[in-house]
Structure formats: C-alpha cells, structure tokens
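Single-letter residue listing:
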Amino acid sequence: MQWIYYLIIFSCLLWMTITDLRFQRIWIPVPMIGIVLLLICHGAFHEKVWVYLLSGVCFLGIFAAISKLTSEQIGMGDAFLIGFLGTGFGFADTFLLVYIGFLFAMAVSVILLI
C-alpha cells in the first residue's frame, strides 16, 4: 500500500512545483492538506503516526528557523515543503534526501565557480 503514500506525495509536489514556477510562491495549504492526508494514511495502515508527525514538525521547525534567520532567503513555503516530506518519509529518509540535495547543490556551485 506504499503507492498511496507516493501518490499523495507526488500530487502535492507536482501542485507545489507548478505554483512555485508560475507565481514564485508555494501555496501553504497544499503541504498542510498533504500532511493531514499522509497522517490519515499512516493511521489507517496501523503505523506510529506520532513518529511521522514528530519528524515533520522537526524539519518544519528547523527550516522555519533558518527561514527567519536568513530573512526569508529560504522561504517559509520551503520549510512547509520539507516538513511535508518529513511527515511522508520519516526522519531518516528525509534527512538523507535533504543531505543529498545539499550535496548536489554544492557540486553544482563548485562547477559553476570553475
């Protein structure tokens, strides 16, 4: 039944990508609705909902703090996006996803500097 999680995540990410490319903003209700749907699915499949909720809240809090410290250079929508992914994938997988994303960003920036 993992396909249900991936369907919810894919549809929310697609919606957020389209709105971000079109309006340069991530509409906050989309990840919030996605978080609620993912928590309902986690509960329906008898998984520990609080673990996924805590993971999402941790990532949301960390990136919201970074957003405030950088004067919204990393936007609040990005914080909600990563919190949404934390709710969907769990802490370890989301941490790995963010780590690989930053690693690729570093590689591209090094290539662009050369």
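Residues numbered from 1 in each chain as written. Predicted model: local features only at pLDDT ≥ 70, side-chain atom pairs only at ≥ 80, totals over all residues. Heavy atoms only, no water.

### Observations concerning the side chain of His42
Here's step 1: Residue placement: His42 occurs in helix α2 (residues 29–44).
Here's step 2: Apart from the residues within four sequence positions on either side, His42 is in contact with Tyr5, Glu47, Val49, Tyr52, Thr87 and Gly88. (Helix = DSSP H or I, 4+ residues; strand = E, 2+ residues; numbered from the N terminus. Contact = heavy atoms within 4.5 Å.)

### Brief notes about the packing of aromatic side chains
Here's step 1: The full count for this structure, using the stated rule, is four aromatic pairs.
Here's step 2: Measuring from ring centre to ring centre gives 5.9 Å for Tyr5 and Phe45, while their planes differ by 75 degrees; the resulting arrangement is edge-to-face. Placement of the pair is Tyr5 in helix α1 (residues 2–23) and Phe45 in the loop between α2 and α3 (49–69), with a sequence separation of 40 residues.
Here's step 3: Judged by its relative accessible area of 4%, Tyr5 falls in the buried class.
Here's step 4: Centre to centre, the rings of Tyr6 and Phe89 are 6.4 Å apart; their planes meet at 45 degrees, and the pair counts as tilted. Pair noted here: Tyr6 is in helix α1 and Phe89 is in helix α4 (residues 76–89), with a separation of 83 residues, a long-range link. (Phe/Tyr/Trp six-rings, centres within 6.5 Å; stacked < 30°, edge-to-face > 60°. Buried < 20%, exposed > 50% of the residue type's maximum accessible area, 1.4 Å probe, protein only.)

Any functional reading would require information that these geometric values do not contain.
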